[in-house]
Amino acid sequence: MKPIAEAELHTYIDGGLSENARADIEAWLRSHPEDAERLRAYAEQNALLRSLYNPVLDEPVPAALLAVHPGAWRRYAAVAVIFALGIGLGWMVRGMFITTQIVPVSFARLAATAHAVYAPEVRHPVEVPANEEDHLVRWLSRRLGTNLKAPKLAPLGYDLVGGRLLSGPQGPVAHFMYQDGRGQRLTLYVSRQRGEPRDTAFRFSQEDRVSVFYWVDGNFGYALSGEVRREQLLQVAEVVYKQLNP
Amino acid sequence: MDRRLIIEHIPRLRRYARALVGDRYVADDLVQDTLERAWNKFYLWRPGSDLRAWLFTIMHNVFVNQARRRRYEIEQAMDEIPAIAVRATQGEQLELQDVERVLRSLSAEQREVVLLVAVEQLTYEQVSHALDIPIGTVMSRLSRARERMRQLLGGQTVMPLKVVK
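Keep in mind that what you see is a predicted model, and the values were worked out from it rather than measured.

(A) Structural view of the interface of chain B and chain A. Taken together, the contact pairs 41 residues of chain B with 46 residues of chain A. Interface area for chain B against chain A, summed over the two sides, is near 4,000 Å², with a carbon-plus-sulfur share of 59%. Salt-bridge contacts for Glu59 of chain A lead to Arg24 of chain B; the nearest nitrogen and oxygen are separated by 3.7 Å. Element by element, the count of residues in the side of chain B that touches chain A is highest for helix 3 (residues 24–40) of chain B, at nine residues. Its residues assigned to classes, the side of chain B that touches chain A comprises 20 nonpolar, four polar and 17 charged.

(B) View of the confidence of the model for chain A. Residues and elements named next belong to chain A. Mean pLDDT for chain A: 82, with 84% of residues reaching 70 or above. pLDDT under 50 marks residues 72–87. Its contacts with residues more than four places away, or in other chains, come to 14 contacts. This model gives residues 93–105 a pLDDT under 50, and the stretch forms 31 contacts once residues within four places in sequence are excluded.

(C) Just helix 3 of chain B, in detail. Residue and element names in this part refer to chain B. With 17 residues, helix 3 extends 25 Å from end C-alpha to end C-alpha; this agrees with the ideal 24 Å at 1.5 Å per step. Within the span of helix 3, buried status applies to Ala27, Asp28, Leu30, Val31, Gln32, Thr34, Leu35, Glu36, Ala38 and Trp39. Among the residues of helix 3, the N-terminal cap falls to Asp23, whose side-chain oxygen and the backbone nitrogen of Tyr25 are separated by 2.9 Å.

(D) Spotlight on the packing of helix 3 (residues 33–53) of chain A against helix 5 (residues 96–104) of chain B. For the pair helix 3 of chain A and helix 5 of chain B, interaxial distance at closest approach is 10 Å and the crossing angle is 100°. Looking at the two axes, helix 3 of chain A sits roughly perpendicular to helix 5 of chain B. Judged by residue contacts, Leu48, Leu49, Ser51, Leu52 and Tyr53 of chain A of helix 3 of chain A engage Leu96, Val99, Glu100, Leu103 and Arg104 of chain B from helix 5 of chain B. By residue class, the composition of the contact of helix 3 of chain A with helix 5 of chain B is seven nonpolar, one polar and two charged.

(E) Molecular detail of the pattern of salt bridges. Residues and elements named next belong to chain A. With the rule as written, the count across this model stands at 23 salt bridges over all chains. Among the ionic pairs, Arg40 bridges to Glu37, the shortest N-O distance being 3.1 Å. Residue Arg40 and its partner Glu37 are both found in helix 3; the two are separated by three residues, about one turn of the helix.

Cut-offs applied
Residues numbered from 1 in each chain as written. Chains lettered and ligands numbered in written order. Predicted model: local features only at pLDDT ≥ 70, side-chain atom pairs only at ≥ 80, totals over all residues. Heavy atoms only, no water. Contact = heavy atoms within 4.5 Å. Buried area = accessible area lost by both parts, 1.4 Å probe. Salt bridge = Lys/Arg side-chain N within 4 Å of Asp/Glu carboxyl O. Helix = DSSP H or I, 4+ residues; strand = E, 2+ residues; numbered from the N terminus. Nonpolar A, V, L, I, M, F, W, Y, C, P; charged D, E, K, R; others polar. pLDDT = per-residue confidence, 0-100. Expected span 1.5 Å × (residues − 1). Buried < 20%, exposed > 50% of the residue type's maximum accessible area, 1.4 Å probe, protein only. Polar contact = N/O pair within 3.5 Å; in protein donor to acceptor, adjacent residues only side chain to side chain. Axes fitted to C-alpha atoms, helices over the stretch in contact; angles between N-to-C directions. Parallel < 35°, antiparallel > 145°, perpendicular 65-115°, else oblique.

See the structure below:
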């Protein structure tokens, strides 16, 4: 067995290796318990640091940060200016809070939680199985008040397992589940969004072990979740998006 | 549109700043200075390139400059302080406060690399761009930082390089 470079051991922890390279390292670690122990400790550090600082993401962003403008407000006595602008700026700041902070973060969190609850389920992962897909889609469409589609992900190796209806803060949620040949599951969470119709770019959120890509398209929010690498999930998210917006 | 692009990154900039400097208010000041600078230099950003990495680069520069201004010696690694075992008994659940304390004991250079990799989950290449250091330096800082944290959290005493008077 050829020795493994230190850099590769780190890459192994940080998730940047191909499957073949991972297998090589795993073989190496089986016969080198000291390295295995060291890597286990490094991986634990990653997890601890994330649990230490991820809560910052859920804090509301201080208004002072949202009010930073091109041309550096602060230099011109920001406080006076903000008072002068009064309601106008207040309204803007409020708008930014709603559109960029509170909704997306909690939306990704809700989707990740639904994923974490249903994806490991062995006997009852879905309420309506894929062999009744037409019924499932009609039912969920009626409940959400729109024409839903269950994206076809078979070309990417993911088959529809089925779906279920969930309840979310904005009312009913459609939840579709997919699975690949190795049992890896992805879920698509679709819910109506409050407020004006709008479109957003893809956003990514890491919620513990669950990766989530989410976006808003018109009146609906979409979140694709899975315990897979970000790049892999992005690939699927792009296909989902294209199928929903032909 | 441009404005929204940057605003979307604020929560992550805050997370990184908090982890980097520790104190909430100092961290938000760092974010504010970073945002102002980002706005003033926004014309330098190439649309389509990684905005988040670009913002981290700016934050790094602001952080280093502030540190210099305050005559706070970043370069002076905490290697000079004898390490104290923070873990009372082996096998116990690691406490988050211990992790934070150990993180603070790293040099700022090592802390930046560890946080960008572990918390912000940047690739080594993105870290190398953001901090403007060669990838080999990223790897050696990462490796040293992780090993140091492991030894401190594992309760093993690290031999100090220099003893503080």
